[in-house]
Amino acid sequence: QFRITWIPRSAQTYSSATQLNAIGSIYAAVVVGSDQVWRPNMFVNKHQDVDAYFLSFLPDSVTRVSYAASFGVDKWEETSDSILSDRVRKAMTKFNAISVREQTGVAICRDHFGVTAQHVLDPTLLNGVEFFEQIIVKAGVSKQNENVVYYKLDVDTTFIRAIKHIGDILQAPTEDIYYQMSEAGYRFIPVADWLAKIRDSKFVVTDSFHCVCLAILFNKEFICFANKDRGLTRLQSLLASLGIEGRLCDEQQSLSSFFAGCQPIDYHNVNTRLAELRIDSLAFLKDTLELSNTNE
């Protein structure tokens, strides 16, 4: 439902890299991005899908751009696969402009592929909070409870105890806003409701990069729980760029004691930094795509 309402998509669905060859020069420019699209470990079929995510299917006449493409981790994981790495290197030299989501991605592009990349904002943060407010309003979602909400991809009993402890201190109920299991299977909260639960919460705890993005946009107090297996560099890069790296709780730390040491986030400073980064990130897209129209 969210996709139908908010995301314009082509009538054609492409389910394999070879199908993309049919696109040809329909478009003046094609943009690839963002969440871990350049991490082959996440692909269904590495050696086929690399052509899709590095835009090798396009003729040379089409402008190739990456916006906030992410390697997911702080290194190129395919160094042992020289054939795949060489294909990626060849594909990347054909890009007209490259931007990546993490500062470490700039180094990967330079050191492994010999190309220059710009560090830009994740699209969620590029869009701004107004877009997400629109989604809530259009869906007619009422104001949510002022709960301690948690969106954690991996939960254990220690974490649940710590969340209850935080709820007790803040005198607020706790609420899991990930998914619930029922006889029918997974039950996810509709997107607009999920956004409203973050917006109206008293405190947010998560190990999800995009839940952190939404907490920041809604200016919420939050703790980000580190999860090395899912890729830490994107969180470290984002929090450092906004001056709030102190909100990342290491896996070895006690969540309860970490919470006790948290000072309120200076959102005036965060919003100022975010506005500056948004200007640079939008300029990257605008300048690159205007160039493709000039060349058309």
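Since the structure is predicted, the reported quantities are computational estimates derived from the model, not experimental observations. (Residues numbered from 1 in each chain as written. Predicted model: local features only at pLDDT ≥ 70, side-chain atom pairs only at ≥ 80, totals over all residues. Heavy atoms only, no water.)

J.: Would you mind going over the environment of Asp49 in detail, with residue names and values included?
T.: The residue Asp49 is located in helix α2 (residues 46-53) in this model. In this structure, the C-alpha to C-alpha distance between Asp49 and Thr18, residues 31 residues apart in sequence, is 8.8 Å. Other than its neighbours up to four places away in sequence, Asp49 contacts Ala17, Phe43 and Val44. (Helix = DSSP H or I, 4+ residues; strand = E, 2+ residues; numbered from the N terminus. Contact = heavy atoms within 4.5 Å.)

J.: Any details on unusual backbone geometry? Residues and values, ideally.
T.: With an omega of 0°, the peptide bond between Gly33 and Ser34 qualifies as cis. One non-glycine residue, Leu55, lies in positive phi territory at about 60°. Along the chain, Leu55 falls in the loop between α2 and β2 (63-69). At Gln171, a residue that is not glycine, the phi angle is positive and equals roughly 55°.

J.: Lay out helix α4 (residues 103-113) with the relevant residues and their values.
T.: Every buried residue belonging to α4 is among Gly105, Val106, Ile108, Cys109 and Phe113, and all of these are buried. With its buried residues spanning 165° around the axis, α4 presents them on a single face. Its buried side turned inward, α4 meets α3 (82-92), β3 (97-100) and β4 (118-119). One or two residues past the end of α4 sits Gly114, with phi positive at roughly 65°. (Buried < 20%, exposed > 50% of the residue type's maximum accessible area, 1.4 Å probe, protein only. Arc of directions from axis to C-beta.)

J.: Please set out the packing of α3 against α4 residue by residue, giving values where relevant.
T.: Describing two packed helices takes the angle between their axes plus the distance from one axis to the other. α4 packs onto α3 with a crossing angle of 105° between their chain directions and a minimal axis gap of 10 Å. Here α4 runs roughly perpendicular to α3, going by the angle between their axes. Two secondary-structure elements touch here, α3 through Ser85, Val88, Arg89 and Met92 and α4 through Cys109, His112 and Phe113. Partitioning the contact of α3 with α4 into residue classes produces four nonpolar, two polar and one charged. (Axes fitted to C-alpha atoms, helices over the stretch in contact; angles between N-to-C directions. Parallel < 35°, antiparallel > 145°, perpendicular 65-115°, else oblique. Nonpolar A, V, L, I, M, F, W, Y, C, P; charged D, E, K, R; others polar.)

J.: An account of the sheet that holds strand β6 (residues 174-176) is requested, with residue identities and associated values reported.
T.: Strand order across the open sheet formed by five strands is β6-β5-β9-β10-β11, with parallel pairing between neighbours. If you trace the sheet from one side to the other, it starts and ends with β6 and β11 (248-249), each paired once. Bridging between strand β5 (residues 148-151) and strand β9 (residues 203-206) involves four bridges; their strand directions are parallel. By the bridge assignment, Val148 is partnered in β9 with Phe203. Contacts from helix α7 (residues 157-170) reach β5, β6 and β9 within the one sheet, and its direction differs from that of β5 by about 155°. (Pairing = 2+ DSSP bridges.)

J.: Can you lay out the nonpolar core for me, pointing to particular residues and giving the numbers?
T.: Side chains of nonpolar character tend, in soluble globular proteins, to be buried together. Trp194, Ile216 and Phe222 are the most contacted members of the largest nonpolar core, which totals 48 residues. The greatest single-element share of this core, amounting to eight residues, is contributed by helix α9 (residues 209-217). If you look at the next biggest cluster of nonpolar residues, it comprises 31 residues, including Phe43, Ala91, Ile108 and Ala117. (Core = buried A, V, L, I, M, F, W, Y, C linked by side-chain atoms within 4.5 Å.)

J.: Can you explain a nonpolar patch on the surface? Please cite residues and give values.
T.: Residues Met181, Tyr186 and Phe188 make up a contiguous nonpolar surface patch of roughly 400 Å² in combined accessible area. Structurally, Met181 is set in strand β7 (residues 179-182). (Patch = residues over 30% accessible without salt bridge, like charges linked within 9 Å, V, L, I, M, F, W, Y side chains within 5 Å. Areas by Shrake-Rupley, 256 points an atom, 1.4 Å probe, with all protein chains shown as cover. Salt bridge = Lys/Arg side-chain N within 4 Å of Asp/Glu carboxyl O.)

J.: Residues and numbers for the layout of surface pockets, please.
T.: Of the volumes computed, that of the second largest pocket is approximately 280 Å³. Taken together, 17 residues form the lining of the second largest pocket, with Lys152, Asp156, Phe159, Phe225 and Glu251 sitting closest to its centre. Secondary-structure elements contributing two or more residues to the lining of the second largest pocket are α7 and α11 (255-260). In terms of residues, the lining of the second largest pocket owes the most to one element, α7, which gives four residues. Residue composition of the lining of the second largest pocket, grouped by class: six nonpolar, five polar and six charged. (1 Å grid on protein atoms, 1.4 Å probe; cavity = no way out; pocket = protein on both sides within 12 Å on 5 of 7 lines; lining within 4 Å. Points joined across faces, edges and corners; volume = space filled by probe spheres on them.)

J.: Help me get a handle on the packing of helix α6 (residues 129-138) against helix α8 (residues 191-199), residues and values and all.
T.: At a minimum axis distance of 9 Å, the contact between α6 and α8 shows a crossing angle of 120°. In terms of orientation, α6 lies oblique with respect to α8. Two packed elements cross with a definite hand, and for α6 against α8 that hand is left-handed. Residue-level contacts link Phe132, Glu133, Ile135 and Ile136 of α6 to Ala192, Leu195, Ala196 and Arg199 of α8. Of the residues contributing to the contact of α6 with α8, the split by class is six nonpolar, no polar and two charged. (Left-handed = near helix turned anticlockwise from the far one by under 90°.)

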